[in-house]
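# Report on the structure
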Amino acid sequence: MSQTIISADVLYDGHKKMENCSVVIEGKKIVDVINKKLKSDYHGFVTPGFIDAHSHIGMDREGEPWTESETNDTLSQILPVNDPVNSIYFDDRAFKDAVDFGVLYSCVVPGSGNLFGGKAKIIRNFEPNRKNAVIKDYGYKMALGFNPRSTTDWKGDRPNTRMGVYALLEQKFDEVLNKRDKAELEKERSLHKLQQDKKEKKLSKKELDFQRKAIDLEYQQDFSPSENAIIELLDGKKIAKVHVHKEDDVLYLIGLVEKYGIRVTADHTADVFHKEIFNELAKAGIPIVYGPMGSVGYKVELKHAYYQNAGLLMKSRAFYGLMTDHPVIWAPALRDSLKFFLIAGMSPEEAVSLITFKNAKILGIDDDLGSVEAGKTASLLVWDRHPLDLAAFPRMVMAEGKVIRKA
């Protein structure tokens, strides 16, 4: 198999910094990282491809009026089976712009106007259409705070207070749990009766297998697709990306996790301005998808969204990555968000890790993406100068072993 060799003046591999090294690629995979420069096909400053951990790219499209947006569905507060890929047009020019600046992957989610907006899907930004775009069905998008209580003119049950919205959410969780308990009890009764029939009626193995399958099928049919999605979350099989900004809503989320045992990430947390709240998230084992950074504080729940909060987050024990929340900030501006952490004293290698390895870790794709290591997929960028230089631009973009753009 032919090799592609990239020599790096500096390599930020997603964990650390290396100098004067080479990356060897065969097919879609990185096969070696060598601590010396080899004769190469490309050279420059090298980083992994960037990953945007929270985006609405392709749903809220550039060059289209707001009436064309497909970010929120107004049908109901609870819509967990909505698939954001069904609202994406891959001819959104934001995809090309994102790839030009090295943002190769996005976790796309519905908007935050509903308690449950729908699913969260990790996609390839460089695909021309949906056919091969989806990498992973990650989980669900939920929302707390102002957004779901601000949509009282939409359809369905729409409380206008947070206490009403949160009561609606917990009521739904409890209803689904109670319904499952009842269905499981009925299933146990049926299986118990089947055991009695086996003895009394001397049922054949074929008849027993048929009856067991029928009981299982009846149990499964007790639940709607929406209820099954909520059960999947409550059972910890999937994660919820939870829109949350203010400190009191963050603490409510922590309590919700403790009560129901669900797995979540805290997405945004921009109005958190005390280190202790970030530490509470760390204590609860809740990762943060922080941002977007560099947007205007356009609503009351962003009144404490200071850029200096990046420094508090750095000093906390929280595990975190970054988002653009495109189109709140432009997808290619993911790298630009790092400046607030650099100003607060973060090293370049730590900063690059926020939008590569740490985002991959949060999204559960770090076995394959997010770092430049032997065995990982070859999605990486060769920059014309230091990647955190204001004028830096990738002279080569490689996505899964294929060069998709070069200067």
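Since we're looking at a predicted model, the values are computed, not measured. (Residues numbered from 1 in each chain as written. Predicted model: local features only at pLDDT ≥ 70, side-chain atom pairs only at ≥ 80, totals over all residues. Heavy atoms only, no water.)

## Concerning the overall build of the protein
To be explicit about the condition: Here a helix means four or more residues in a row that DSSP labels H or I, a strand means two or more in a row labelled E, and each is numbered from the N terminus. The globule rule used here is 2.2 Å times the number of residues to the 0.38 power, and the radius of gyration it is set against is calculated over C-alpha atoms. Here's how the labels work: a residue is buried when its accessible area is under 20% of the maximum for its type, exposed when over 50%, partly exposed in between, all with a 1.4 Å probe on protein chains only. For this analysis, residues touch if any pair of their heavy atoms sits within 4.5 Å. Values of accessible area rely on a 1.4 Å probe in the Shrake-Rupley scheme; residue burial ignores everything except the protein chains shown. Only four residue types enter the tally: Lys and Arg on the positive side, Asp and Glu on the negative side, with His and both chain ends excluded. Positions of charges follow a simple convention, taking NZ of Lys, CZ of Arg, CG of Asp or CD of Glu.
Along the protein, the regular secondary structure elements total eleven helices and 15 strands. In summary, the protein has a C-alpha radius of gyration of 24 Å against a globular reference of 22 Å for 407 residues, a match within 12%. On the principal axes, the C-alpha backbone points of the protein span a range of 80 × 55 × 40 Å. Looking at the 407 residues of the protein, the share that counts as buried comes to 52%. By sequence separation, contacts in the protein at least 24 residues apart represent 69% of the contacts at least 6 residues apart. Total accessible area computed for the protein in this model is approximately 18,700 Å², and 50% of it derives from carbon and sulfur atoms. Here the protein carries 58 positive and 59 negative side-chain charges, and the mean point of each set is 3 Å from the other.

## Regarding helix H3 (residues 162-201)
What counts is decided by this rule: Multiplying 1.5 Å by the helix residue count minus one yields the expected span of that helix.
In this model, H3 (40 residues) spans 57 Å end to end at C-alpha, consistent with the 58 Å of a helix rising 1.5 Å per residue. Lining the buried residues of H3 we find strand E7 (116-124), strand E8 (134-143), helix H2 (146-149), helix H4 (205-220), helix H5 (225-234) and helix H6 (247-260). A positive backbone phi angle near 50 degrees is found at Lys-202, which sits one or two residues after H3.

## Quick look at the packing of H6 against helix H7 (residues 275-283)
Quick note on the threshold: A fitted line through C-alpha atoms serves as each axis, taken over the contacting stretch for helices, and the angle formed by two N-to-C directions is quoted from 0 to 180°. For classification purposes, angles smaller than 35 degrees are called roughly parallel, those larger than 145 roughly antiparallel, those between 65 and 115 roughly perpendicular, and all remaining angles oblique. Crossing handedness: left-handed means the near helix sits turned counterclockwise from the far one by under a right angle, and right-handed means the same turn made clockwise. Each residue gets one of three labels, nonpolar for Ala, Val, Leu, Ile, Met, Phe, Trp, Tyr, Cys and Pro, charged for Asp, Glu, Lys and Arg, and polar for the others, Gly among them.
Two elements in contact, H6 and H7, have axes whose closest approach is 10 Å; the angle formed by their N-to-C orientations is 15 degrees. By the angle between their directions, the pair H6 and H7 is classed as roughly parallel. Relative to H7, the crossing made by H6 is left-handed. Residues Glu-247, Val-250, Leu-251 and Ile-254 of H6 touch H7, and the partners they reach there are Ile-277, Glu-280 and Leu-281. When the residues that make up the contact of H6 with H7 are grouped by side-chain class, the tally is five nonpolar, no polar and two charged.

## Quick look at the environment of Asn-147
By secondary structure assignment, the location of Asn-147 is in helix H2. On the basis of relative accessible area, Asn-147 is assigned to the buried category, the value being 16%. On a C-alpha basis, the gap between Asn-147 and Asp-73 in space is 13 Å, while along the polypeptide they are 74 residues apart. With residues up to four places along the chain from it excluded, the contact list for Asn-147 reads Ser-112, Gly-113, His-243, Lys-299 and Glu-301.

## A closer look at the sheet that holds strand E2 (residues 17-26)
Here is the rule we go by: Pairing between two strands is assigned when DSSP locates at least 2 bridges connecting them.
Spatially, seven strands are ordered E3-E2-E1-E4-E13-E14-E15 in an open sheet, and the strand pairing comes out mixed. Edge positions in the sheet fall to strand E3 (29-34) and strand E15 (402-406), since each has one partner strand and no second. For this sheet, the mean inter-axis angle between neighbouring strands, taken without regard to orientation, is 35 degrees. Pairing of strand E1 (residues 3-12) with strand E4 (residues 42-48) involves five bridges; the strand directions are parallel. Of the residues in E4, the one forming a bridge with Leu-11 is Val-46.

## Considerations on the sheet that holds strand E9 (residues 239-244)
Across the sheet, eight strands lie side by side as E5-E6-E7-E8-E9-E10-E11-E12; this open sheet has mixed pairing. Strands at the two margins of the open sheet, each flanked by one partner only, are strand E5 (50-55) and strand E12 (320-322). For this sheet, the mean angle separating the axes of adjacent strands, direction not counted, is 30 degrees.

## Some thoughts on the confidence of the model for the protein
Put simply, the test is: Every residue is assigned a pLDDT by the predictor, reflecting its confidence on a scale from 0 to 100.
Scored by pLDDT, the protein comes out at a mean of 97, with 100% of its residues at no less than 70. Taken element by element, the protein is modelled with least confidence in H4, mean pLDDT 92, and with most confidence in strand E11 (residues 288-290), mean pLDDT 99.

## Examining unusual backbone geometry
Cis peptide bonds are those with omega within 30 degrees of zero, and the linkage from Gly-291 to Pro-292 qualifies with 0 degrees. Tracing the backbone through its elements, the reader meets Pro-292 in the loop between E11 and helix H8 (309-315). Cis geometry is adopted by the peptide bond preceding Pro-327, which originates at His-326 and carries an omega value of 15 degrees. Along the polypeptide, Pro-327 turns up in the loop between E12 and helix H9 (339-343). Non-glycine residue Asn-20 carries a positive phi angle of around 50 degrees. In this fold, Asn-20 is placed in strand E2. Accessibility expressed as a relative area gives 41% for Asn-20, which makes it partly exposed. Positive phi values are uncommon outside glycine, yet Glu-400 reaches one of about 55 degrees. By the secondary structure assignment, Glu-400 is in the loop between strand E14 (394-399) and E15. On the accessibility criterion, Glu-400 (14% relative accessible area) is buried.

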